[in-house]
Structure formats: C-alpha cells, structure tokens
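# Descriptive structure summary
Spelled out, the chains give:
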Amino acid sequence: MEEVKLLGWWMSPFSRRVELALKLKGVGYEYIEQDLANKSQLLLEYNPVHKKVPVLVHNGKTMAESLVILEYIDETWPNNPILPRNPYEKAMARFWAQFIEEKCNGGLWKIMWCKDEEERGRLVEEASHCFRTLEGELKGNKFFGGDEIGMVDIAANFIGYWLGVVQEVSGMELVTRDKFPVLCKWMDEFVEHSVVKETLPPRDKLHAEFEARLGAPSWKY
Amino acid sequence: MGEVEEVKLLMTGLSPFAGRIIWALKLKGVEFESVEEDLTNKSDLLLQSNPVRQKIPVLIHNGKPVSESLVIMEYIDEVWNQTCPLLPADPHQRALTRFWAKFVDEKAFASMWSALQMRGKEGGEAALEEAHENLRILEKELEGKQFFGGESIGLVDVTFGSFAKLLDVLDEVMGSDKKMIDEDKFPLMGKWKEQLSELAVVKSCLPPVDKLAAAVQARRNESAAA
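To keep things clear, this report deals only with the structure shown in the data block. Since this is a predicted model, take the numbers as computed values, not measurements.

### Things to note about the sheet that holds strand β4 (residues 64–67) of chain B
Residues and elements named next belong to chain B.
- Taken in spatial order, the 4 strands make up an open sheet running β2-β1-β3-β4, and their pairing is mixed. Because the sheet does not close on itself, it has two edges, and the strands there are β2 (33–36) and β4. The average undirected angle you get between the axes of adjacent strands in this sheet is 25°.

### A few points about the pattern of salt bridges
- Scanning the entire structure with this criterion turns up 34 salt bridges over all chains.
- Its salt-bridge partner being R98 of chain B, residue E71 of chain A comes within 3.5 Å of it at the nearest N-O pair. Highlighted residues: E71 of chain A in helix α3 (residues 66–76) and R98 of chain B in helix α4 (residues 91–117), drawn from two different chains. An identical accessibility class is assigned to E71 of chain A and R98 of chain B; each is buried.

### Things to note about the interface of chain A and chain B
- On the chain B side, the residues contacting the 26 residues of chain A number 27 residues.
- Carbon and sulfur atoms supply 67% of the area that chain A and chain B bury against each other, a total of about 2300 Å² over both sides.
- The three residues of chain A that bury the most area against chain B are Y88, R94 and F95 of chain A, which together make up 25% of that side's buried surface.
- Connecting chain A to chain B are 8 salt bridges.
- Among the salt bridges present, the one from E78 of chain B reaches R94 of chain A, with a minimum N-O distance of 3.0 Å.
- For the pair chain A and chain B, the interface holds 9 residue pairs in polar contact (both at pLDDT 80 or more).
- Looking at the side of chain A that touches chain B, the elements that each hand over two or more residues are β4 (61–64), α3 and α4 (87–113) of chain A.

### What to know about the nonpolar core
- Judged by nonpolar contacts, the single largest core of 147 residues is most densely connected at F131, I159 and W186 of chain A together with M112 and F160 of chain B.
- With 13 residues, α4 of chain A is the single largest residue contributor to this core.
- In this structure, this core is formed jointly by two domains, domain 1 (4–76) and domain 2 (87–219) of chain A, each of which donates at least three residues.
- Setting aside residues no more than four positions away along its own chain, F131 of chain A makes contact with C104, L108, I159, L163, L174, V175, F180 and L183 of chain A.

### Here we look at the packing of aromatic side chains
- Throughout the structure, instances matching the rule amount to 17 aromatic pairs over all chains.
- Here F99 of chain B and W100 of chain B contribute two aromatic rings whose centre-to-centre distance is 5.2 Å and whose plane-to-plane angle is 85°, an arrangement assigned as edge-to-face. Neither F99 of chain B nor W100 of chain B differs from the other in exposure class; each is buried.
- The structure contains a cluster of three or more aromatic residues connected by ring pairs, namely F17, F109, W113 and F163 of chain B.
- The ring of F180 of chain A carries the charged tip of R132 of chain A above its face, separated from the ring centre by 4.1 Å.

### Notes on the sheet that holds strand β1 (residues 4–8) of chain A
All names here are of chain A.
- Read across the sheet, 4 strands follow the order β2-β1-β3-β4 without closing on themselves; strand pairing throughout is mixed. Only two strands of the sheet have a single partner each, and these edge strands are β2 (30–33) and β4. This sheet shows a mean twist of 20° between the axes of neighbouring strands, independent of strand direction.
- Of the strand pairs in this sheet, β1 and β2 are connected by 4 bridges, and their pairing is parallel. Pairing of L6 across the sheet is with Y31, part of β2.

Reading guide: rules and limits
- As a convention, each chain's residues are numbered from 1 in the sequence order in which they are written.
- The lettering of chains begins at A and the numbering of ligands begins at 1, in the order of writing.
- Only residues with pLDDT of 70 or above have their local features reported here, since the model is predicted, and side-chain atom pairs are shown and tallied only from 80 upward, although totals for entire chains, interfaces and linings are computed over all residues.
- Each side-chain value is derived from all of the structure's non-hydrogen atoms; neither hydrogens nor water enter the calculation.
- Only strands joined by at least two bridges in the DSSP assignment are considered to pair.
- We count a stretch as a helix when DSSP gives it H or I for four or more residues in a row; a strand needs E for two or more, and each element gets its number in order from the N terminus.
- Every axis corresponds to a line fitted to the C-alpha atoms, with the helix fit spanning only the stretch in contact, and the corresponding angles, defined between N-to-C directions, vary from 0 to 180 degrees.
- The term salt bridge refers to a side-chain nitrogen of Lys or Arg lying within 4 Å of a carboxyl oxygen of Asp or Glu.
- The buried label goes to any residue with under 20% of its type's maximum accessible area, the exposed label to any with over 50%, and the partly exposed label to all in between, with areas taken from a 1.4 Å probe on protein chains only.
- Whether two residues are in contact is decided by their heavy atoms, any of which lying within 4.5 Å being enough.
- Here the quantity called buried area is the accessible surface, traced with a 1.4 Å probe, that two parts lose on coming together, added over both.
- Whenever a nitrogen or oxygen atom comes within 3.5 Å of another N or O atom, the pair is scored as a polar contact, on the condition that within protein one atom can donate a hydrogen and the other can accept it, and that pairs from neighbouring residues in sequence are kept only if both atoms are in side chains.
- In this text, buried Ala, Val, Leu, Ile, Met, Phe, Trp, Tyr and Cys residues form a nonpolar core when linked through side-chain atoms within 4.5 Å.
- Domain segmentation is taken from an automatic or database assignment of domains.
- For Phe, Tyr and Trp, where Trp contributes only its six-membered ring, two rings pair if their centres lie within 6.5 Å, and the inter-plane angle classes them as stacked under 30 degrees, edge-to-face over 60, or tilted in between.
- A ring is scored as having a charge over it whenever the NZ atom of a lysine or the CZ atom of an arginine sits within 6 Å of its centre and within 35 degrees of its normal.

Below you can see the structure in the form of structure tokens.
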C-alpha cells in the first residue's frame, strides 16, 4: 500500500514542481497545505534544517528540496520518465536545472527585491543574458525535454507561469514576446499542457498576492 | 570493452570544486589527465567546453564535456559504477545524500567562504556565527557515523571533504589562531577529518601547501598595495 503525502504551499513554484511530477506519473498523493506564517509541527519535524516546503513523505520516509524530490520520484516511479536514461543526457538535464535555479530564478529574485533603479537595470541586463542562453537550449523542440515535458521544464515552472504575473504586477519587461519569441512560445506550450494546467495556482489569486508582497519590504518566507 | 577512455579534467590546483572531482575519479581508479587552467586567461578548450558558465571544473569524457561539480560527480558515479559508489542504492537514501550534498554546497560552503573573507572585518562575527550554525547542523548529521556516507566515504564526504582539507591548510598558512572547523567545537567533524586523512586517495590529493601560501601572500600584498 503506497502512502504518499506532500506538504506544500499553493503559491510556491517549488511545491508545484513536485505536484507536477507526481501527476505526470499518475501517482496518487495526499496534499497538506501549509501556513508558512505559522509553521506546523509536522513541517518543523519533517524539514528541521530548512523548515520549508515542499516535503514529500513516501511510506513514512521524508525528503526535502524540490529538485532532489524530483529525482526520487523519477527513480521510484519510472513510468513517464522526466530524466533521460543516458548518463550524459541526464548530466545535461541536471546542468540546465541547476542553471535555471541559480542564474535565471536567482537573477529574477534579486530583481524583484531590488529598490535601486540603476542596480536593477544592471541585474535585468545580466538576467537577460541568462534567459537568452536558456532560450537557445530549446533547439527547436516543443519542450526542454523534447516532445514531452522533462525535469528541465519542471524546473523552469516559475519562468513558465509565475514570471508572467510578476512582470504584470511590477511592470518589469524582461521576458517579452518581441525579445524572446522562442521562450515565450515554450511558456505558451507549458501552461497549455494538460497536466501542467492542473498544477498552476489561480492567476487572479497569484496576481493579488504578488501585488501585496512586491510592495512590502521583503518576503517573510 | 575495447574502447579507449579519454578523461580530461579542466581544473586549478587550489579549487575545492575541482578537488571534489579529483577525489571522485581517484576513488574510482579512473585514469585522467589534469589540465590546469589560468582563470585570468581562459583557454579555448575551457570556453568551448563550458561556454555557459566558463568555469572549472569541467570533465571531458571521450570529448563530451560535463560542468558543475555536483553534476559531474553524479555522472562519474553512474558511468564508473563498479567501484566505490558515491551514492547508495536505495532511492530514499539517495534523496538524503543529495539533500546533504546540496546543503554543503549551498549553505555550509557559502557561509564558510564568507566568514573567511570577512575575518577581522565589519560583519565578520555574524558571518562566522552563520558558518558555525551550519557546521553544527553537519556535526549532528555525523552522529553515529564514521563518514557522512555511513561506513564508507560517499558523495557528501567528497563534496565537503576537499573543502574541509583546504580550509585546514588555509588556516595553517594564514596562521589563524582559531580553525574554522574547530575540533573542540566540532569533535565529530574533527574525527571525520582524521578518518579522511587516513585514506590513501585523500593522502594523494592534498592541496600544495606552497602554492596556497604563495596565493595567500599575493592576496596580502594586493590589499596592502590597495
């Protein structure tokens, strides 16, 4: 009897990554929404080091860090693989997932919270360069994973959906259709994917939350 | 198999990231050629092999480049899977191993590096406290174990080990009165370092003390001249 639980937060692209992987593989799970302003005993017990979501619990075994969890999911439920089987191709996928996390998402995060206009301009230019590099990796494919969604697409979920809302709210014009037509086409395909659709937080709710938070001095969590 | 394996590692002698790859390759008995890079004058090979990040280490296996030390270590573990596994077989244990390797890389290493650079400067105390907090977490993880990998050396040991060894040498060369990984504060980590030092492969991988001393002196001269 498989027992799969996911501790998540509706707004978190990290916990949505895990949901997406589980759904792509048809794995049933119990979702437990967390209140990050008021962390539950369960969350603190299951992820004492970082105290963050997502946390996956499989038959009582806990694990944290979304990209680590994605690898676990792919190893445990090998149907509809999200990583290539060939070691070299797998290494490439891991490289790009890391690049997205560190340079693209990391860059966006700095921009979102930067109050100094000149510094923000410099950060936007740097991030632009990273997005250009990432766009090149699509190589004419529908997804980073090829014909189907893979680990790299899942890792890029913030770019695929959340970024659009952030740009709308903040007026940031980093990834636009005229500057990044290929990446924007990927974003369209991503959000239209039948399984991805099920994992996206409601746009109006996301919009309202970003509006409230981007005006505030810093993310509390 | 009959195929000639060509393994090259683009590295620098002082990089703890390159150090990880050297440890991993040596643990698995893989023959490789080290290509020392001058990072102030990057070679065409480096720029072609890692155009995205333009950093070392880069592993080039039969002409195919792999970058990012954690990615390289997983690749090495999958390709040369007959000896000294860096990752356990059980998926949950693998997830825990990856979690801790990430922690070492993203939290522990970053905070220790900051603390080192800020020694004696404003904010230095706070940086050190953060580094120590991360070391405390790692110390706890060693409870009941010889290595982070359990009874034998694994991914987390290699990820942290080369940096820990470098730190010790750095502390010595800089004449620090207090080690970053202080054995009194972190006794299990002290034992762990000793255990690592006993391994033949680690003995053959120690960073060149003279080179490190020269690098530290050069840095000192630079800041004195500034």
